[in-house]
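Working through the structure, step by step
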Amino acid sequence: MIYDFDQVCDRTKTDCLKWDMVQSIFGHDDLIPMWVADMDFPVAQPIIDALKKRAEHPFYGYTKPGKSVIDSVIERMWRKFKWKIKPEWVVFTPGVVPALNVAIRSLTHPGDEVILQEPAYHPFFPAVTNSGCQIINNGLKLTNGCYEMDYDDLERKFQPKTGRLRGPGRVKTIVFCNPHNPVGRLWKREEIIRMGEIAIQNGAVVISDEIHCEILFDGYQHTPFASISKEFEQNCIICMAPSKTFNLAGLDVSSIIIPNRKLREDFISMQSGIVPSPTLFGYTAMETAYRYGDEWLEQILDYLQGNLDFLLEYLEKKIPDIKVIKPQGTYLIWLDCRELGMDKLVLSSFMLDKAKVGLEDGFIFGEAGSGFMRMNIGCPRSILKEALIRIESAVNSL
Ligand SMILES: Cc1ncc(COP(=O)(O)O)c(C=O)c1O
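Rules used in this analysis
- Residues numbered from 1 in each chain as written.
- Predicted model: local features only at pLDDT ≥ 70, side-chain atom pairs only at ≥ 80, totals over all residues.
- Heavy atoms only, no water.
- Pairing = 2+ DSSP bridges.
- Helix = DSSP H or I, 4+ residues; strand = E, 2+ residues; numbered from the N terminus.
- Axes fitted to C-alpha atoms, helices over the stretch in contact; angles between N-to-C directions.
- Contact = heavy atoms within 4.5 Å.
- Domains from an automatic or database assignment.
- Buried area = accessible area lost by both parts, 1.4 Å probe.
- Salt bridge = Lys/Arg side-chain N within 4 Å of Asp/Glu carboxyl O.
- Polar contact = N/O pair within 3.5 Å; in protein donor to acceptor, adjacent residues only side chain to side chain.
- Nonpolar A, V, L, I, M, F, W, Y, C, P; charged D, E, K, R; others polar.

1. Structural notes on the sheet that holds strand E9 (residues 236–240)
Strand order in the open sheet formed by seven strands is E2-E10-E9-E8-E7-E3-E4, and the pairing between neighbours is mixed. Each edge of the sheet is formed by a strand with only one pairing partner; in this case those strands are strand E2 (90–93) and strand E4 (134–137). The average undirected angle you get between the axes of adjacent strands in this sheet is 25°. Sheet topology places E2 next to strand E10 (residues 254–257); four bridges connect them, and they run antiparallel. The partner of Thr93 across the bridge, within E10, is Ser254. Against the sheet, helix H5 (residues 96–107) touches E2, strand E3 (113–116), strand E7 (171–177), strand E8 (205–209), E9 and E10, its axis set at about 175° to E8.

Right, here's the structure in full:
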């Protein structure tokens, strides 16, 4: 089936966070919303058909994922990444963010330290602090328009510091994001190995958020952290989900893959009674997406590549003061607006009040994001074009 992603669909009046909450979130109702991470494209037809079919069976009682659901995750990990996983490793949660919160709590005690790599996906911050832990920032380095990990700094973060309460062994985990939201880096195998070895040598478990791992631009291939080696496999909690790939965020389903038995048991016991399982519609959508969604996915990836190329050309030609940090994955584009010379709050209100586009402020991803904005290009090209025209005319009016 050929999908028409140029078609603009009205998502308003559907309790849609992205479109219906524009007024309450941004204080304007005439903005183009390009913030929260879902796409303005209808989902794959097989998913719609499967949900309708399931809805027709009028029993929506307690649910438990059967073998076929679990197999769909196992088969996908193998087919996409040549990563062989076992059924008992898979734990389902109604989202990656709740899983991150559970994972951090299961690995730490209040007062422990957790490493984030800023700019970092903003829900990572409360996940650490609400667990009573302290954030240690191993900030990414921006070199020649590309973000890199700072391994020397990472090693230093594990060293005990005299004169401070911090001692050896207080960093319990690193929250790693691959592909990285917001900067769009897909970490290479050798980069993952270098970071993972430092974590292992220092007794820290890696929580690897790989939710964006199937939204990759041309030529890139994802490496799950756990697929590197047995040692890596035993030292991580991997967060996967079909929600970004197949645009299913409202169905609340993700699979958390934990090969290490002790880590898994601790995770499950921390989750128990607090974080519910996904809904039966979530399971139906996930299995269908993993088994029958690839025709749609291939077309979406082509379309997103087209959007990225359009954006790159438009900014280079018409708004050269805004630079794109060229993403390797995700449909979230990290825009370097520092050449506009605005303070972070001025930049924020410039995009809202003058340009009338609802982007994410870079500073919500940490201080390193000041001067940047995050733009979601998961929309029909005509909407992207309209947003760029608005930004261009706002910049020209300066
Ligand atoms: C890196 C990352 N992790 C997690 C999430 C959200 O996960 P969920 O909706 O499954 O809680 C997002 C959504 O944008 C994300 O970008």
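2. Looking at the domain arrangement of the protein chain
Here the domain parsing of the protein chain yields domain 1 (17–44 + 294–396) and domain 2 (60–292). One C-alpha centre belongs to domain 1, the other to domain 2, and the line joining them spans 26 Å. Taken together, the two surfaces of domain 1 and domain 2 that pack against each other cover about 2,800 Å², and 58% of this comes from carbon and sulfur. Inspection of the domain 1/domain 2 interface yields three salt bridges. One salt bridge connects Asp294 with Arg79, and the closest N-O pair in it is separated by 2.8 Å. On inspection of domain 1 and its partner domain 2, the count reaches 15 residue pairs in polar contact (both at pLDDT 80 or more). Looking at the side of domain 1 that touches domain 2, the elements that each hand over two or more residues are helix H12 (294–318), strand E12 (332–336) and strand E15 (372–376). Looking at the side of domain 1 that touches domain 2 element by element, the count peaks at seven residues for H12. Of the residues contributing to the side of domain 1 that touches domain 2, the split by class is 18 nonpolar, five polar and six charged.

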